[in-house]
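# Results of the structural survey
Take a look at the letters that make up each chain.
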Amino acid sequence: MARFLLQKLGVNCILLVLVSMVGFILVHATPGGPLAQFALSPGMTSARLAEIAHDMGLDSPLWQQYLHWSARLAAGDWGRSYRDQAPVLTVIWLHLGATAQLALASLILSFPLGVALGIIAALQAGRRAEHLASLLSVVLLSLPTFWLGLVFIYVFSVRLGWFPAGNLTTPGHGAVTDHIRHLALPSLTLGLVSIPLWSNYTRAFAGEIWRQDHIRTARALGIPTWRIVVLHLLPEALLPLVPVAGIYLPTLLSGALVTETVFTWPGIGRLLLDSLQYRDYPMVMGLLVFSAALVLLCSLAAEILHHLCDPRLRG
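A brief structural summary.

The rules behind the values
Residues numbered from 1 in each chain as written. Predicted model: local features only at pLDDT ≥ 70, side-chain atom pairs only at ≥ 80, totals over all residues. Heavy atoms only, no water. Helix = DSSP H or I, 4+ residues; strand = E, 2+ residues; numbered from the N terminus. Buried < 20%, exposed > 50% of the residue type's maximum accessible area, 1.4 Å probe, protein only. Areas by Shrake-Rupley, 256 points an atom, 1.4 Å probe, with all protein chains shown as cover. Lys, Arg positive; Asp, Glu negative; His and termini not counted. Charge placed at Lys NZ, Arg CZ, Asp CG, Glu CD. Contact = heavy atoms within 4.5 Å. Core = buried A, V, L, I, M, F, W, Y, C linked by side-chain atoms within 4.5 Å. Phe/Tyr/Trp six-rings, centres within 6.5 Å; stacked < 30°, edge-to-face > 60°. Lys NZ or Arg CZ within 6 Å of the ring centre and 35° of its normal. Patch = residues over 30% accessible without salt bridge, like charges linked within 9 Å, V, L, I, M, F, W, Y side chains within 5 Å. Salt bridge = Lys/Arg side-chain N within 4 Å of Asp/Glu carboxyl O. Polar contact = N/O pair within 3.5 Å; in protein donor to acceptor, adjacent residues only side chain to side chain. 1 Å grid on protein atoms, 1.4 Å probe; cavity = no way out; pocket = protein on both sides within 12 Å on 5 of 7 lines; lining within 4 Å. Points joined across faces, edges and corners; volume = space filled by probe spheres on them. Nonpolar A, V, L, I, M, F, W, Y, C, P; charged D, E, K, R; others polar.

Moving on, we get to the overall build of the protein chain. Helix and strand content of the protein chain: 15 helices and zero strands. Across the 315 residues in the protein chain, those meeting the buried criterion constitute 39%. Per element, the accessible surface of the protein chain, about 17,200 Å² overall, is 69% carbon and sulfur. If the 19 positive side-chain charges of the protein chain are averaged to one point and the 15 negative ones to another, these points end up 12 Å apart.

Structure below.
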């Protein structure tokens, strides 16, 4: 396990460096580069812009700029946001909670429904139930997130008035029920489009397990199907989902951009979009590194958990 952990840590560190290098190069390759926001200021002159570039070290070679930036990043100095005039890490932390709430709520909806749909499709292979489950997965997978969110806003907010159309809370209201009402539509949107992920993986894993000899023996002995599913099929089918969750969960945290934009939800995805529009490049680079590190750490944690739970891998 120690050797496996060291190998994974080394690979993840290399990947994180490569991601940061590519992001750093792309930011500097955009029109205007890191100075684009300053160039838009009224009355900005070329001399003043050159002075700002010198003060920020942007007149040095690109590789030196990267080494200086990465050294400050490793020391915990992620820079300051142009827009918020606050440390990048502080701004990310303030928006992380909203995205975590949205991701958790959508996971509570999508995971059990997706697993149930996958189990049904695996057990009813070749029958009408499997075709219906497959059709539902295809439909949910094909729905554009922004379109589904707009439909929910029109139906449940504009027409029926059951839920708010966006934002985290209603100004002046701090009740938990008010926050839940605001959370309902974005979590439903993100949860529905996430169901096919869990159902497709579960269907593949459960279908293979359902055809194995020990399951066939249990069915031949007359053991009720529900007992076989609960005691044998479900635990074995859920185990391979651990590494899948390790990749999916952090990408869900950082990839809810469309949902957060439609519902004006103040999370990480909305923060990234606003930072790109404002050309707040310190924040953009901070979010890029933060998202990449989150994906790699969660993936590593899921692989470790998978090794600990699966006796075949421990050997």
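Let's shift gears to the environment of V229. Within the element layout of this structure, V229 appears in helix α10 (residues 225–238). Residue class for V229 comes out buried when judged on its relative accessible area of 13%. Taking the C-alpha atoms as reference points, V229 and I215, separated by 14 residues in sequence, lie 9.2 Å from one another. The residues contacting V229, other than those within four sequence positions of it, are I119, L123, W210, L234 and P235.

Positive phi is not limited to glycine here, since T264 has a value of about 45 degrees. With respect to the helices, strands and loops of the structure, T264 is situated in the loop between α12 (257–262) and α13 (268–278). Judged by its relative accessible area of 32%, T264 is partly exposed.

Counting 20 residues, the largest nonpolar core has W69, W78, I92, M283, L287 and F290 as the members making the most contacts within it. Of all the secondary-structure elements, those providing two or more residues to this core are α1 (2–29), α4 (62–74), α5 (88–123), α13 and α14 (281–309). Here this core takes seven residues from α14, the largest share from any one element. Counting residues in hydrophobic clusters, the runner-up holds 19 residues, among them A133, L185, V193 and W265.

Two descriptors summarise a pair of aromatic rings, namely the distance from one centre to the other and the angle between the planes of the rings. Tallied over the full model, the rule gives eight aromatic pairs. A centroid spacing of 5.5 Å and a plane angle of 70 degrees characterise the contact between F24 and Y66, whose relative ring orientation is edge-to-face. Highlighted residues: F24 in helix α1 and Y66 in helix α4, separated in sequence by 42 residues. What links up through ring pairs into an aromatic cluster is the set F152, F156, W162 and F163. The ring of W226 has R227 sitting right over it, with the charged end atom 5.7 Å from the ring centre.

A cluster of nonpolar side chains, contributed by V11, I14, L15, V17, L18 and M21, occupies part of the molecular surface with about 500 Å² of accessible area. Mapped onto the elements, V11 comes out in helix α1.

On to the pattern of salt bridges, then. As enumerated under the stated definition, the model contains five salt bridges in all. The partner of R72 in a salt bridge is D77, and the shortest N-O contact between them spans 3.6 Å. Taking the relative accessible area as the measure of exposure, R72 reaches 27% and is therefore partly exposed. For D77, a relative accessible area of 39% translates into the label partly exposed. Among the ionic pairs, E130 bridges to R203, the shortest N-O distance being 2.5 Å.

Time to look at the side chain of D280. Along the polypeptide, D280 turns up in the loop between α13 and α14. Separated by 2.5 Å, the side chains of D280 and S81 make a polar contact. The residues touching D280, leaving out its near neighbours within four places in the chain, are S81, Y82, R83 and S275.

Our next topic: the layout of surface pockets. Quantified by volume, the largest pocket comes out at close to 570 Å³. Forming the walls of the largest pocket are 26 residues, and the residues nearest its centre are M56, L58, R72, Y82 and P282. If you list the elements that add at least two residues to the lining of the largest pocket, you get α1, α2 (36–39), α4 and α14. For the lining of the largest pocket, the element with the highest residue contribution is α4, accounting for four residues. Each residue belonging to the lining of the largest pocket can be placed in one class, and the counts come to 13 nonpolar, 10 polar and three charged.

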